[in-house]
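Spelled out, the chains give:
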Amino acid sequence: MGQKKDLTGSEKSKRVRYLAEGCSSLKIAKLLKRDHRTIKRFIQNSQQGRKKRVEKPRRKITAHELRKVKRAAAKMPLATSLAIFQSCNITGVPKSTRCAILRDMAKVRKAERRPPLNKTHKLKRQDWAKKYLETDFSKVLWTDEMRVSLDGPDGWARGWIGKGQRAPVRLRRQQGGGGVLVWAGIIKDELVGPFRVEDGVKLNSQSYCQFLEDTFKQWYRKKSASFKKNMIFMQDNAPSHASKYSTAWLARKGIKEEKLMTWPPCSPDLNPIENLWSIIKCEIYKEGKQYTSLNSVWEAVVAAARNVDGEQIKTLTGSMDGRLLSVLAKKGGYIGR
């Protein structure tokens, strides 16, 4: 039985199995026909674990170089740490040091998503704001659709993990595993819906009107004559909404002329129901939650919508006066949500 020769892969596997069965190192040595000192040395090495990482001192840069990095970071948003340091002609700095330096003056963020607004769009947004500046927005029904997927808006999630804990496993699926199209409306402090668009149905003019016939009309029919007389219906300029077919259908239901709000192009920031969608998505996807079926994610949407109280909705619909003033102040520019 030789001492110097290390254990083979097969012997190491057997050693682990014997050790789990409670065998001593001497008995394992006899079973493997190896020197017991070799077995003992292997057990000791395996129990030591990984050596603690020794933190190396960060390479220092001069105050002048630090100022250059700060100016470059301000001029180059979303640039990598390497690109920022290269623009300052600072070389030889490892990535960990670059990131540590940048963390003291900046933070990693995603680019904000905004609709493309040209000069014509801005003028139309200003005209819209002037037209509805004296409108009683408690009479406006704000509507829109939202698509929810099984895996969330981005299909991934990140967050803090405690030391010694493993990150939870997330399912990986094509296109987020499919999704559900949801329609809803808000007026004053009331939520209309949400209603689910039938799976596989593409909303064109005909299917959109049929959907409103089956859902919205049931709610609208129960309202008083005075409510119907004063209500203003809002929808965006999606092709299925703004088509002649849909406009004619709404007109037959009494929603026409001043009762059908004109909508400026590229203006999701002006629709308060977009904020409702954000509230619902934050709730159904909190802690990186995923879903295994379309029915389960739809049930989550219904539950989240049920938890949105009238005061929250009233806050959203009551924000319209401020939004119009912001549009005018920014000369039709994007105002955020």
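Just so it is clear, the model here is predicted, and its values are computed rather than measured. (Residues numbered from 1 in each chain as written. Predicted model: local features only at pLDDT ≥ 70, side-chain atom pairs only at ≥ 80, totals over all residues. Heavy atoms only, no water.)

A.B. asks: Could you give an account of the pairing of strand β1 (residues 140-149), naming the residues involved and the relevant values?
C.D. replies: Taking burial as the measure, the ten residues of β1 include nine buried ones, the bulk of the element. Relative to strand β4 (residues 232-234), β1 runs parallel, the two being bridged by three bridges. By the bridge assignment for β4, Leu-141 is matched with Phe-233. For β1 and strand β2 (residues 179-187), the ladder comprises eight bridges, and the chain directions are antiparallel. The partner of Arg-147 across the bridge, within β2, is Leu-181. (Buried < 20%, exposed > 50% of the residue type's maximum accessible area, 1.4 Å probe, protein only. Helix = DSSP H or I, 4+ residues; strand = E, 2+ residues; numbered from the N terminus. Pairing = 2+ DSSP bridges.)

A.B. asks: Please give an account of helix α7 (residues 119-131) that cites residues and values.
C.D. replies: End to end, α7 covers 19 Å across 13 residues, agreeing with the expected 18 Å (1.5 Å per residue, within 8%). Looking at the buried positions of α7, the neighbouring elements they touch are α16 (320-329). The N-capping residue of α7, defined by a side-chain oxygen 3.1 Å from the backbone nitrogen of Thr-120, is Asn-118. (Expected span 1.5 Å × (residues − 1). Contact = heavy atoms within 4.5 Å. Polar contact = N/O pair within 3.5 Å; in protein donor to acceptor, adjacent residues only side chain to side chain.)

A.B. asks: Give a detailed account of the pattern of salt bridges, specifying residues and quantitative values.
C.D. replies: Taken as a whole and assessed by the stated rule, the structure comprises seven salt bridges. The partner of Lys-253 in a salt bridge is Glu-213, and the shortest N-O contact between them spans 3.4 Å. You can see Lys-253 sitting in the loop between α12 (244-252) and α13 (273-284) and its partner Glu-213 sitting in helix α8 (residues 205-214), a full 40 residues away along the chain. (Salt bridge = Lys/Arg side-chain N within 4 Å of Asp/Glu carboxyl O.)

A.B. asks: Please give an account of helix α2 (residues 25-32) that cites residues and values.
C.D. replies: All of the buried residues along α2 are Ile-28, Ala-29 and Leu-32. Buried residues in α2, looked at end-on, bunch into an arc of 105°, giving them a common side. Downstream of α2 by one or two residues, Lys-33 has phi in the positive range, about 60°. (Arc of directions from axis to C-beta.)

A.B. asks: An account of the side chain of Ser-81 is requested, with residue identities and associated values reported.
C.D. replies: Within the element layout of this structure, Ser-81 appears in helix α5 (residues 81-87). Residue Ser-81 is classed as buried on the basis of its relative accessible area, which comes to 12%. Separated by 3.1 Å, the side chains of Ser-81 and Arg-98 make a polar contact. Contacts of Ser-81, omitting those with residues within four sequence positions, involve Lys-95, Arg-98, Cys-99 and Leu-102.

A.B. asks: How would you explain the pairing of strand β3 (residues 190-196) if you had to name every residue and give the values?
C.D. replies: In this structure, β2 lies alongside β3, joined through five bridges in antiparallel fashion. Across the sheet, Val-182 pairs through a bridge with Arg-196, a residue of β3. Adjacent in sequence and paired antiparallel, β2 and β3 are bridged by two residues, among which Lys-188 carries a positive phi angle near 55°.

A.B. asks: Tell me about the nonpolar core, and name the residues and values.
C.D. replies: One recurring pattern in soluble globular proteins is that nonpolar side chains are buried together. Core analysis: the largest hydrophobic core is formed by 38 residues, its most contacted members being Trp-128, Trp-142, Val-148, Met-261, Ile-280 and Ile-284. At the level of elements, α7, β1, β2, β4, α13, α14 (294-306), α15 (310-317) and α16 are the ones that each hand at least two residues to this core. Examining the composition of this core, we find that six residues originate from one element, α14, more than from any other. Counting 20 residues, the second largest nonpolar core, distinct from the first, contains Phe-211, Trp-219, Met-231 and Leu-250. (Core = buried A, V, L, I, M, F, W, Y, C linked by side-chain atoms within 4.5 Å.)

A.B. asks: Report on the sheet that holds β2, specifying residues and quantitative values.
C.D. replies: The four strands lie next to each other as β3-β2-β1-β4, forming an open sheet whose pairing is mixed. Looking at the sheet topology across the chains shown, the edges are occupied by β3 and β4. Neighbour-to-neighbour, the strand axes of the sheet open up by a mean angle of 20°, direction not taken into account. Packed on one face of the sheet, α8 meets β1, β2, β3 and β4 and runs near 60° to β2. Lying on the sheet, α14 is in contact with β1, β2 and β3; it crosses β3 at an angle near 175°. (Axes fitted to C-alpha atoms, helices over the stretch in contact; angles between N-to-C directions.)

A.B. asks: Can you break down the environment of Phe-85 residue by residue, with the values?
C.D. replies: Relative to the elements of secondary structure, Phe-85 occurs in helix α5. The exposure class assigned to Phe-85 is buried, which follows from its relative accessible area of 1%. Spatially, the C-alpha atoms of Phe-85 and Ala-72 are 8.1 Å apart, while their sequence positions differ by 13 residues. Aside from chain neighbours lying at most four places away, what touches Phe-85 is Val-69, Ile-90, Val-93, Arg-98, Ile-101 and Leu-102.

A.B. asks: Tell me what's going on with the packing of aromatic side chains, and back it up with residues and numbers.
C.D. replies: All told, the structure shown has twelve aromatic pairs when counted by the stated rule. Aromatic side chains Phe-216 and Trp-219 sit 5.9 Å apart centroid to centroid with 35° between the ring planes, which places their arrangement in the tilted category. Of this pair, Phe-216 and Trp-219 both sit in helix α9 (residues 216-221), three residues apart, which is roughly one turn of that helix. By relative accessible area, Trp-219 is classed as buried at 13%. Both rings, one in Phe-216 and one in Tyr-220, keep their centres 5.4 Å apart while their planes meet at 25°; by these two values the pair is stacked. Of this pair, Phe-216 and Tyr-220 are both found in helix α9, four residues apart, which corresponds to roughly one turn of the helix. With respect to burial, Phe-216 and Tyr-220 carry one shared label: buried. A connected cluster of aromatic rings, assembled from ring pairs, spans Trp-183, Phe-195, Phe-211, Phe-216, Trp-219, Tyr-220, Phe-227 and Phe-233. A cation sits over an aromatic face here: Lys-223 above Phe-227, 5.2 Å from the ring centre. Residue placement shows Lys-228 over the ring face of Tyr-220; its charged tip is 5.4 Å from the ring centre. (Phe/Tyr/Trp six-rings, centres within 6.5 Å; stacked < 30°, edge-to-face > 60°. Lys NZ or Arg CZ within 6 Å of the ring centre and 35° of its normal.)

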